[in-house]
Each structure stands twice: as structure tokens, then as C-alpha cells.
Amino acid sequence: MEYLLTSDQMKLLDNNTIDKIGIASSVLMEKAALSVVSAIDEECANAKNILVVSGIGNNGGDGIAIGRILHLQGRQVRIVVIGDRQHSSPETKKQIEIAEKYNIKIYNTFDKNEYNVIVDSVFGIGLTRSVEGQYKKAIHFINQAKGFKIAVDIPSGISADTGKIMGCAVKADLTVAIAYKKLGHVFYPGAQYCNRIKVADIGVYGADEICFNFSYNKKDLDKLPQRLNDSNKGTFGKALIIAGSNNMSGAAYLASLAAYKMGCGLVRIFTPLENREILQTLIPEAVLTTYDTKQFSHKSLEDAIAWADVINIGPGLGMSDIAKQILETVLKKHKCPLVIDADGINLLAKYEQLLTKNQKNIIITPHMKEMSRLSKRNINDIKNNLIENATEMAKKYKLICVLKDSRTIVADYNKKVYINQSGNNGMAKAGSGDVLSGIITGLLAQKMKPFESAALGVYIHGVSGDEASNLNGCYSTLARDIAMNITRALH
Ligand SMILES: NC(=O)C1=CN([C@@H]2O[C@H](COP(=O)(O)OP(=O)(O)OC[C@H]3O[C@@H](n4cnc5c(N)ncnc54)[C@H](OP(=O)(O)O)[C@@H]3O)[C@@H](O)[C@H]2O)[C@@H](O)CC1
Ligand SMILES: Nc1ncnc2c1ncn2[C@@H]1O[C@H](COP(=O)(O)OP(=O)(O)O)[C@@H](O)[C@H]1O
Ligand SMILES: [K+]
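Residues numbered from 1 in each chain as written. Chains lettered and ligands numbered in written order. Predicted model: local features only at pLDDT ≥ 70, side-chain atom pairs only at ≥ 80, totals over all residues. Heavy atoms only, no water.

The chain appears in an unreviewed UniProt entry as Bifunctional NAD(P)H-hydrate repair enzyme from Lachnotalea glycerini. Regarding the chain, the relevant UniProt record gives this comment under Subunit (unreviewed entry): "Homotetramer." (UniProt positions renumbered as here; feature names shortened; annotations may be inferred.)

In C-alpha cells, the structure reads:
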């Protein structure tokens, strides 16, 4: 698990370390600089000619310290400072003085030499506005130069809070994030500009006390529900998947397959009669309860609801009057956790009265368009403020909102926000969302708590997608490949 900080949170932790713990700012800067030097050594065996491009804030101070260390190791280094040195931060002034005491010249112009490594330390987390003038020129110079580019903390020009490009930004080959990753390292386009990221431990800690944004990695698979040896299919939960409509059976198949692959004990699909044969053929492991759309029996629906340990409603369900009635009944009668996906969400958007402000154990999994319908906001507004929109929805209806995008957000009504980093563009294909809803359902069936099921489910879905794309390539990955590769993701 890793925390993803805002720039204010990072500044607070830096200041706490300096003022309350008593570690001098220059010590932190030296550690940051040494970490970047180590990264250069690990990445570039032949780092002899190095250009350091610094600003006048503390990110620039890091860069000057890096240049000084490399120079004292006997390498060819040119340090260029952009901006008026008279206005440097106190730490950066100190770094300039130290460098000058070692007779290291500090320039304010570039030369025509070719460098095999370029250190970008123009701006870090202190970037507050669009990049213009000499700074813009410096960033363009870095981008057109040939060497291996290492960004100190974050590529200059990327907002540490949003990942947005503030006018222009350095395209790094490697980014050394200082102390913690920030939101801007993870959200696009920032993530793409960072390229690979290493996190440098410089002795600044405490994110667990102030930060509610976090992400998972491979180690978090140890949070998976335990599998008892002394068990039977009932031990691992009964999932009711209410999915599919006339001419739409694939979504029910994908959600059910994913729930089974995730470890659920028994899956029952509740679907129109027309889907019986195809679903029995595609997934014989599932039990089917079918209904006649012309003569709908509420009794069999209510029996199925009472039977279930978890319900997933919506994939391929359609927007018919029967679909609406089914959702209404499920919302009234369910006592177990409930995942509402796809047309389930579209029905909630159309019939607003269905969702009351007092829900229990509900997870909704909207993509951008579904979220736009549900929240009545335009997609750009949502995309520009993913965390805020997901959190607002979660708080408004007291539920868990899985807002799906290339970086999916899971928000609950208690401030916690999971931000997903697994997955790839091969997953941008019809049916991927059905697989996700099945994975979350499978975890809930095994009695994992709703927020954890949603967050870990999103993570596993992405890793399964990565495994699928490694095997099939991004172009040719299908939703069913994602479901089949849950196996690899878990082992
Ligand atoms: N605290 C510590 O001891 C440690 C800090 N560390 C390092 O410090 C970095 C943070 O340093 P920082 O806070 O000084 O901000 P930084 O990113 O260098 O830039 C701010 C400068 O840029 C300016 N500016 C902003 N936007 C601008 C624009 N568009 N165009 C032009 N100017 C603009 C802004 O000026 P102002 O807004 O006041 O005009 C200010 O002068 C952090 O990322 C990490 O690398 C680590 O070593 C660990 C120890
Ligand atoms: N570029 C991408 N990177 C990572 N994940 C992606 C990307 N594109 C799509 N996904 C994931 O794939 C799923 C797509 O879901 P959705 O749009 O509901 O598909 P469908 O409705 O066709 O089943 C989401 O979980 C989303 O996060
Ligand atoms: K930088």
C-alpha cells in the first residue's frame, strides 16, 4: 500500500520533519540529492556528461546539490540555473554558495555540448501557475535534448496535485519522487510524463496520519480472503448475478465467470428465459433462474434475493419496465452487500427516487458516462475532478463509488480514497466493466468488507488486464481474457 500525497500534505510533512523532529532542511536535501545520484548510477552506466537544469526554489536546490556531488565524483557537469538567483529560496542560495566554494561554476545559459544525462530540477511541488518565458524555453530545451532525462521529484511543469500540464512539461525517462508519490505522479497526463518512478526515502514520514489517498501494489494481495481447507462451496459465498436481457447475454457470462474466478463458491444468474441455453453452454458452473418477461414472477426474484450472500445487478440488464421493477425490489429487500453496475446505474439515473440517502452496503461502479447521467454533470467536469466527484457521490448517498476511468477511484463516505494504478489501454473494450463487477462480487461473497472488496477488486482487475495484455497484446485483449487472467494476477 502506498500513500499518494497532495503538495500541501508533502510540505506539511517536510516542515514537521525540519521543525518538530529537528532534521535540518540541508540534510533532507543532501539525502534527496544522493538518492538521485544513485538512480543515475543504476540507470546510466556511462553517465559522464551531465547537464543539471535548476530553478530557484528548493527543487532547484536539490539539482545544484546533485550537480555538486557528481562534479566531486569527477564527472563533467554543467549546472544551469534559470531565474533570478537573488530571489532563490534560502536553501538554494546555500547550495549555490557551497557549489561555489568547491569552485563549481554555475551558469545561466545552455551550451551546445551533448549530455548523456539531463537532470530536471526546475520545478517540484512548488509549481503554482502556468510555465512561461525563460522557464518554458528551458523545458523545451530539455525535451529536445538527446540525453537520458531524470526528473527530480516530479517533471517540471506537471502539477503535483492533479497531474495536469501547466503550459508545458518535461518528458522524463525516470522520475525520482522525493519521500512519497504525489497525486500528480499517478493521474494522467502526469503519469505518462513521469515514465518510470522510483521513490526516494529521505527520512520524511507520517503520511499515515494525514493522508486519505492511497493505492495498492502486489504486496497488497495478502489482503485476499483466507481460503479454509475445511470448507465447502457455502463457505465462499453465494452470489446472485442479476444480468442480461433479450439479445444481451455476454455481460451475465463475464460477470459470473469473474465472480467464480475470484473464488466465489456458488453463482446464480437471474436472467430472461431467452438466455438460458447460451449461458448454460458458456458457463455450466452457474445455476440459472430464468424469468419470462411477459409473465414476471416476483416470488422467484424474492426467493433469489433471500438466498444470496451478495447481489450484483445491472450488467446488460436493459432499461425495460421489468428491469426497473427488479431493481426496485432488490433495493427494498436486500440485506446483503449489493453491487450496482451498468444499466443498474442508468436506471438509478432515470428514476432518481430509487436511491435514497440511507443506503447500506451498496457499491456503484459507474464509468464516466454513467456517472454523468447519475450526477447530472458533464463528463469534462467529472474527469477534471475525479476524486471530488466520486467522494461527493459517496457522501450524498452513503455508498461506495467506484468511478471507472484509466485511473479508477474508489471513494467511501468516510473520506478514504483509493486510486488505482494497475491496468492498461487493452482494457478499454466492451465487457471489461462486467468483469470488474464480477470480481468485486466474488470478494464480497467471501465476506470481505465492501470498501476493501471494491478497492482490491479494482486493483486485481487491473493486474488481470496487465497479465492479459502481456499475453495477447493491448490491441487483442478481450474482456474474457481479463477474467481468465485473474488466475495469473492472484499468483
Ligand atoms: N522543504 C525541504 O526542505 C525539501 C524540499 N525538497 C524539494 O523541494 C521542492 C519544493 O520546493 P519549493 O517549495 O521551494 O518549490 P519548487 O518546486 O522548487 O518551485 C517553487 C519556485 O518556483 C516558483 N514558481 C512556481 N510556479 C512558477 C511558474 N509557473 N513560473 C515561474 N516560477 C514559478 C516559486 O516562486 P513564487 O511562486 O513564489 O513566485 C518558487 O520560487 C520539492 O519538490 C523537492 O524537490 C526536497 O529536497 C526535500 C526537502
Ligand atoms: N486505458 C485504461 N487503463 C486502465 N484501465 C482501463 C482503461 N480503459 C478502461 N479501463 C478499465 O476497464 C473497465 C471498463 O469498464 P466499462 O467502461 O464499464 O466497460 P463495459 O461497460 O464495456 O463493460 C474499467 O474498469 C476501466 O477502469
Ligand atoms: K523537477
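On we go from here.
A. Focus on the coordination of the potassium ion (ligand 3). For the potassium ion (ligand 3), the full set of protein donor atoms is Asn-59 (OD1), Asp-120 (O), Phe-123 (O), Val-152 (O), Ile-154 (O) and Ser-156 (OG), at a range of 2.6 to 3.1 Å. Between the six donor atoms coordinating the potassium ion (ligand 3), the angles at the centre fall across 67 to 176°, so the site counts as irregular. Donor residues for the potassium ion (ligand 3) sit on one chain with the sequence pattern N-x60-D-x2-F-x28-V-x1-I-x1-S. A residue is classified by how much of its surface remains accessible, and Ser-156, at 0% relative accessible area, is buried. (Donors = N, O, S within 2.8 Å, 3.2 Å for Na, K, Ca; no water. Tetrahedral: all angles 85-135°; square planar, octahedral: opposite > 155°, others 65-115°. Buried < 20%, exposed > 50% of the residue type's maximum accessible area, 1.4 Å probe, protein only.)

B. Representation of the site of ligand 2 in the model. Neighbouring ligand 2 are 18 residues; Lys-404, Asp-405, Thr-408, Gly-431 and Gly-433 lie closest to it. A distance of 2.8 Å is found between an oxygen atom of ligand 2 and a backbone nitrogen or oxygen belonging to Gly-431. Measuring from an oxygen atom of ligand 2, one finds a backbone N or O atom of Asp-434 at 3.3 Å. Burial of ligand 2 by the protein chains amounts to 79% of its free accessible area of 580 Å². Per-element accounting of the shell around ligand 2 gives the leading share, four residues, to helix α17 (residues 432-445). Among the residues forming the shell around ligand 2, the class breakdown is four nonpolar, 10 polar and four charged. (Near = heavy atom within 4 Å. Polar contact = N/O pair within 3.5 Å; in protein donor to acceptor, adjacent residues only side chain to side chain. Areas by Shrake-Rupley, 256 points an atom, 1.4 Å probe, with all protein chains shown as cover. Helix = DSSP H or I, 4+ residues; strand = E, 2+ residues; numbered from the N terminus. Nonpolar A, V, L, I, M, F, W, Y, C, P; charged D, E, K, R; others polar.)

C. Main features of the side chain of Thr-408. Locating Thr-408 in the fold gives a position in the loop between β17 (400-403) and β18 (409-411). Using a relative accessible area of 8% as the deciding quantity, one classes Thr-408 as buried. Separated by 3.1 Å, the side chain of Thr-408 and the backbone oxygen of Asp-405 make a polar contact. Ignoring anything within four residues of it in the chain, the contact list for Thr-408 reads Val-402, Leu-403, Tyr-418, Ile-419, Asn-420 and Val-458. (Contact = heavy atoms within 4.5 Å.)

D. Looking closely at the nonpolar core. In this structure, Ile-40, Ile-66, Tyr-418 and Ile-460 are the most contacted members of the largest nonpolar core, which totals 118 residues. Mapped onto the domain boundaries, this core takes at least three residues apiece from domain 1 (2-208) and domain 2 (218-490). In terms of nonpolar packing, the next biggest core, distinct from the first, is built from 51 residues, Phe-270, Ala-304, Ile-382 and Ala-394 among them. (Core = buried A, V, L, I, M, F, W, Y, C linked by side-chain atoms within 4.5 Å. Domains from an automatic or database assignment.)

E. Expanded view of the sheet that holds strand β15 (residues 338-340). On the basis of which strands lie adjacent, the open sheet formed by 12 strands has the order β8-β1-β10-β19-β18-β17-β16-β15-β14-β11-β12-β13 and mixed pairing. Each edge of the sheet is formed by a strand with only one pairing partner; in this case those strands are β8 (181-182) and β13 (287-291). Pairing geometry for strand β1 (residues 2-5) and β8, over two bridges, is parallel. Bridging across to β8, Leu-5 finds its partner in Lys-182. (Pairing = 2+ DSSP bridges.)

F. Highlighting helix α4 (residues 90-101). For α4, spanning 12 residues, the distance from its first C-alpha to its last is 17 Å, which sits close to the expected 16 Å at 1.5 Å a residue. Among all positions of α4, only Glu-91, Thr-92, Gln-95, Ile-96 and Ala-99 are buried. Summarising the axial view, the buried residues of α4 lie within an arc of 140°, below the 170-degree limit, and thus occupy one face. Across α4 from its buried face, at more than 90 degrees, point the exposed residues Pro-90 and Lys-101. (Expected span 1.5 Å × (residues − 1). Arc of directions from axis to C-beta.)

G. Broad picture of the pairing of strand β12 (residues 266-272). β12 sits mainly inside the fold: seven of its seven residues count as buried. As paired strands, strand β11 (residues 238-242) and β12 are joined by five bridges and run parallel to one another. Across the sheet, Ile-241 pairs through a bridge with Ile-269, a residue of β12. Crossover handedness for the path β11 to helix α9 (residues 250-261) to β12: right-handed. The pairing of β12 with β13 spans five bridges and is classified as parallel. Paired with Pro-272 across the two strands is Tyr-291, which belongs to β13. Handedness of the crossover joining β12 and β13 through helix α10 (residues 276-282) is recorded here as right-handed. (Right-handed = clockwise from strand over helix to strand, strands pointing away.)

H. The arrangement of the packing of helix α13 (residues 343-350) against helix α14 (residues 368-375) in detail. Between α13 and α14, whose axes approach to 8 Å, the crossing angle comes to 20°. One way to sum up the angle between α13 and α14 is to call them roughly parallel. In the packing of α13 onto α14, the handedness of the crossing is left-handed. Facing α13, whose interface residues are Ile-345, Asn-346, Leu-348 and Ala-349, α14 presents Glu-370, Arg-373 and Leu-374. (Axes fitted to C-alpha atoms, helices over the stretch in contact; angles between N-to-C directions. Parallel < 35°, antiparallel > 145°, perpendicular 65-115°, else oblique. Left-handed = near helix turned anticlockwise from the far one by under 90°.)

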